[in-house]
Amino acid sequence: MLRVKALVLLAVLCLGTSPALAEKLYKLKEFKPDVSYIETSYSFPFLAKEIEAASYDANGHLGYILVASDSADNLVISTWHSNAETPEYLVNRGKARSVSIAKIDNTHFITPVIDGSNKLRVILWKITGNGTITYRGFRSGPEVTEVTSASSGSAAMVVAQRKNGTLFAQAFKLKQAEDIPTEKALDRRGIYEFAGSADQLALSDGTANLLAFRDEDGKLRVTRLRKRQNASVIERGPTLVSMGQIQKAAITAADGTPNGRWITLSTSKGPSEFKTGHRCLGQTIHKEPHGRGKLIEWDIGTDGTQYLRRGADREFQGSGGVAKEVAVEVISNGNYLVSSHLGFDTFCKRNPKNRGKQRMEVHLWDHAGTTYDKDASGRINGKYYDVALAEFHPIQNYDANFVVALIGENQQVKLSIWGVK
């Protein structure tokens, strides 16, 4: 979540971009951004404990949004254009962890978070074409321990875990604001209460949302959520469970329709050990609580039953398949599947301390058939703790572009810009 094609090392382009390991994927830029709040006249390193990313299209102006819990547990939201190294706009607002983001329409999005009182807070924001974001109010909820969210047609879906481990899903829409009639406010709609406990939540965008989570037995479970009666009612559809236990999961919609396709990237339950090659005497170089990455496809049956079906899958192989944090996204209107995970390199070194150095891997997949073929790969060496990715408006001469956001040592945020062609 690999019939691997041969990888070709290309010459560096005259543009100054550095190619990845295959002809379709290029790492264009890699940097540690400095940021400044609106109220200050100085900049400082961008530090964070967790980070999420999403694309935006505000009145035809495309870019991406980063939502982070910074080193002081404050909610920090920044908007970025293309491959710029400084944000267009940045705000921070109150204590937050378990950060999430979901678009409602092209000019409004929500950031569901856990606030300083350990309660759910769903915050509404308005975004303009130049990336400026404006606070438009919030709705509070019960005490929770985890939260995720996703776009859901003309609404947003939020799924959270209560203190007792059970889940609930709630839909949010826009309504006319009372304070400023020309503006919008957040309208709380239907709710669904789950039986049983679960964690490691991941939710897909789309008119119907597929929720992936780790159930009480530690297994990957997926279930569909649909809205009725103007989102006042949420229905839970059929559920399917995988065979093995997992640690983490990410999910993306392949086409976003109610009867479409979804793809999960999960990590199996660790530890996952691997060894050096025979010239390094096959020594174990890592045995840590990291799992092995696996892509799995899910869809809805065409026999009228509306049952979920499990389709193609691909388990990552070798030391490069060991993963602790994962991200996955379908980009370019479904043409490309991109995955990113935090793992290890495979270089054989004489000094044991130099073996198994950590790195981020990014892969481009052909997901149109019954198998997953890896078309291209790239990597960034280093020790990282969180990863997120988002598409943005294509740069000239590229078919698609995306950003990979990383949190490294000392909570330093690093951004890398990638191109596909």
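Just so we're clear, the structure is a prediction, and the values are computed from it rather than from any experiment. (Residues numbered from 1 in each chain as written. Predicted model: local features only at pLDDT ≥ 70, side-chain atom pairs only at ≥ 80, totals over all residues. Heavy atoms only, no water.)

Visitor: What's the story with the sheet that holds strand S15 (residues 166-176) in this structure? I'm lost.
Guide: Whether parallel or antiparallel, the strands of a sheet pair through hydrogen bonds between backbone atoms. If you walk across this open sheet you meet the seven strands as S10-S11-S12-S13-S14-S15-S16, and the pairing is antiparallel. Two strands lie at the open edges of the sheet, namely strand S10 (102-105) and strand S16 (184-197), each paired on one side alone. Averaged over neighbouring strand pairs, the angle between their axes works out to 25° when direction is ignored. (Pairing = 2+ DSSP bridges. Helix = DSSP H or I, 4+ residues; strand = E, 2+ residues; numbered from the N terminus. Axes fitted to C-alpha atoms, helices over the stretch in contact; angles between N-to-C directions.)

Visitor: It is not clear to me how the side chain of serine 100 should be interpreted in this structure. Could you clarify?
Guide: With respect to the secondary-structure elements, serine 100 resides in the loop between strand S9 (89-95) and S10. With sequence-adjacent residues up to four places away left out, serine 100 is seen in contact with Glu52, Val67, Ile110, Thr111, Pro112, Val147, Thr148 and Ser149. (Contact = heavy atoms within 4.5 Å.)

Visitor: How should the pairing of S15 be read in this particular structure?
Guide: In summary, the side chains of a regular strand alternate between the two faces of the sheet. By the criterion of burial, S15 is predominantly enclosed, with eight of the 11 residues buried. Bridge count between strand S14 (residues 155-162) and S15: six bridges; the pairing is antiparallel. The partner of valine 159 across the bridge, within S15, is alanine 169. A loop of three residues connects S14 with S15, the two strands running antiparallel in sequence, and glycine 165 in this loop sits at a positive phi of about 95°. Inspection of the sheet shows S15 paired to S16 by nine bridges, in the antiparallel sense. Considered in S16, the bridge of glutamine 170 is made with isoleucine 191. (Buried < 20%, exposed > 50% of the residue type's maximum accessible area, 1.4 Å probe, protein only.)

Visitor: Looking at this structure, I do not really get the sheet that holds strand S8 (residues 74-80). What am I missing?
Guide: In spatial order, the strands read S6-S7-S8-S9; together these four strands make up an open sheet with antiparallel pairing. A strand with exactly one partner marks an edge of an open sheet, and here the two such strands are strand S6 (48-58) and S9. Pairwise comparison of adjacent strand axes, ignoring direction, gives a mean angle of 20° for this sheet. Here six bridges tie strand S7 (residues 61-70) to S8, and the two strands are oriented antiparallel to one another. Residue isoleucine 65 lies in a different strand from S8, and its bridge partner there is threonine 79.

Visitor: Explanation requested: the nonpolar core in the structure shown.
Guide: Proteins that are soluble and globular tend to have nonpolar side chains buried together. Grouped together as the largest cluster of nonpolar side chains are 25 residues, with contacts concentrated most on Phe46, Ile51, Tyr64, Leu66, Leu415 and Ile417. Elements that contribute at least two residues to this core include exactly strand S3 (25-31), S6, S7, S8, strand S31 (384-392), strand S32 (400-408) and strand S33 (413-420). Formed by 20 residues, the second largest nonpolar core is a distinct cluster that contains Ala327, Leu364, Ala376 and Leu406. (Core = buried A, V, L, I, M, F, W, Y, C linked by side-chain atoms within 4.5 Å.)

Visitor: Whenever I open this one, the environment of alanine 102 confuses me. Can you help?
Guide: Inspection of the secondary structure assignment puts alanine 102 in strand S10. Residues alanine 102 and proline 112, spaced 10 residues apart in sequence, show a C-alpha to C-alpha distance of 8.3 Å. Beyond its immediate stretch of four places on either side in the chain, alanine 102 contacts Phe109, Ile110, Ser149, Ala150, Ser151 and Ala156.

Visitor: In this structure, what is going on with the pattern of salt bridges? I would like to understand it.
Guide: Any two side chains of opposite charge can pair if their charged atoms end up close together. Summed over all chains, the structure comprises 19 salt bridges. We note a salt bridge from aspartate 375 to lysine 24, for which the minimum N-O separation is 3.6 Å. One end of the pair, aspartate 375, is in strand S30 (residues 373-381); the other, lysine 24, is in the loop between strand S2 (18-19) and S3, and 351 residues separate them in sequence. On the basis of relative accessibility, which here comes to 32%, the residue lysine 24 falls in the partly exposed class. (Salt bridge = Lys/Arg side-chain N within 4 Å of Asp/Glu carboxyl O.)

Visitor: Is there a simple way to think about the packing of aromatic side chains in this case?
Guide: Each aromatic ring pair is specified by the distance between its two centres and by the angle formed by the two planes. Scanning the entire structure with this criterion turns up seven aromatic pairs. Between tyrosine 64 and tryptophan 80 the ring centres are 6.0 Å apart and the planes differ by 5°, which places this aromatic pair in the stacked class. Remark: tryptophan 80 occurs in strand S8 and tyrosine 64 occurs in strand S7; sequence separation between them is 16 residues. With respect to burial, tyrosine 64 and tryptophan 80 carry one shared label: buried. Considering the side-chain rings of tyrosine 192 and phenylalanine 194, the 5.0 Å spacing of their centres and the 85° angle between planes classify their relative orientation as edge-to-face. The exposure class assigned to tyrosine 192 is partly exposed, which follows from its relative accessible area of 24%. (Phe/Tyr/Trp six-rings, centres within 6.5 Å; stacked < 30°, edge-to-face > 60°.)

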